[in-house]
Amino acid sequence: MALFTEQLFADHLTLPYPEAAVVGDAYYAAPVPDLPLRLRIDFASTIRSGRYDGLRLQVVHMEQGRIDTAVLSFADYGAFEVRDRRRGKKPGQDGYGTVTDWNHSEHAPWVGINVTRLRAAIDQYVRLWIPGAPPLRTGPPPLTTPVPQARTSPTRTR
């Protein structure tokens, strides 16, 4: 797939939902398996074919259909700030904060994405709509607390 969707979700966003799968260019998950609510995430298209400016999140009820849709813009969440700065692109310029799948190269068009703020927004959205969903780890991994060592001092002889 040109967008390398599975790599984005498995290797970069690393969402914590055990019942999840990538089908085509969309990610599907059951954040809480006992609830009839599902999460669907795909790329949000722009008016140009093959250009995407964010991720579209949807909460879908198994019997009632789509409940809510939100779009997380790559530009709003700083996903490509470093890449765009390096390219000399500024907000409002063509291609700023977007990815394209026009060239079908062996590299994902989103290489270099910063997912920190996107993950936090996904977490907030999922926990709002799907009670009991496991939280995402959005910060750096916790530091392990060192185990205190018993200190011994050499025995003094007089």
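Before reading further, recall that the structure is shown in the block above.
Residues numbered from 1 in each chain as written. Predicted model: local features only at pLDDT ≥ 70, side-chain atom pairs only at ≥ 80, totals over all residues. Heavy atoms only, no water.

A. View of helix H3 (residues 116-129). For H3, built from 14 residues, the straight-helix expectation of 20 Å at 1.5 Å per residue is met to within 8% by its first-to-last C-alpha distance of 21 Å. Buried residues of H3: Leu118, Arg119, Ala121, Ile122, Asp123, Tyr125 and Val126, and no others. On its buried face, H3 is in contact with helix H1 (5-13), strand S3 (37-45), strand S4 (51-61) and strand S5 (65-73). (Helix = DSSP H or I, 4+ residues; strand = E, 2+ residues; numbered from the N terminus. Expected span 1.5 Å × (residues − 1). Buried < 20%, exposed > 50% of the residue type's maximum accessible area, 1.4 Å probe, protein only. Contact = heavy atoms within 4.5 Å.)

B. Fine view of the packing of aromatic side chains. For the structure shown, the criterion picks out 3 aromatic pairs. Judged by centre distance (5.2 Å) and plane angle (85°), the rings of Phe74 and Phe80 are edge-to-face. Taking NZ or CZ as reference, Arg83 lies 4.1 Å from the ring centre of Phe80, over its face. (Phe/Tyr/Trp six-rings, centres within 6.5 Å; stacked < 30°, edge-to-face > 60°. Lys NZ or Arg CZ within 6 Å of the ring centre and 35° of its normal.)

C. Quick look at H1. Every buried residue of H1 is listed here: Thr5, Leu8, Phe9 and Leu13. Here the buried residues of H1 occupy an arc of 90° about the axis, which is enough to place them on one side. The outward face of H1, more than 90 degrees from its buried face, is lined by the exposed residues Glu6 and Asp11. On its buried face, H1 sits against strand S1 (20-23), strand S2 (26-29), S3, S4 and H3. Thr14 occupies a position one or two residues after H1 and carries a positive phi of about 35°. (Arc of directions from axis to C-beta.)

D. Structural detail: the pairing of S1. Where S1 meets S2, 4 bridges bridge the pair, whose relative direction is antiparallel. Bridge pairing links Val22 to Tyr27 in S2. Between S1 and S2, which follow one another and run antiparallel, lie 2 residues, and Gly24 among them has a positive phi close to 65°. (Pairing = 2+ DSSP bridges.)

E. Broad picture of the pattern of salt bridges. Per the counting criterion, the structure on display carries 6 salt bridges. Across the pair Arg40 and Asp42 runs a salt bridge whose closest N-O atoms are separated by 2.9 Å. For Arg40, a relative accessible area of 21% corresponds to the partly exposed category. Residue Asp42 is classed as buried on the basis of its relative accessible area, which comes to 10%. For the salt bridge of Asp42 with Arg56, the shortest nitrogen-to-oxygen distance reads 3.1 Å. You can see Asp42 sitting in strand S3 and its partner Arg56 sitting in strand S4, a full 14 residues away along the chain. Looking at Arg56, the relative accessible area reads 23%, which means it is partly exposed. Taken together, the shared-partner salt bridges in this structure form one network comprising Arg40, Asp42 and Arg56. (Salt bridge = Lys/Arg side-chain N within 4 Å of Asp/Glu carboxyl O.)

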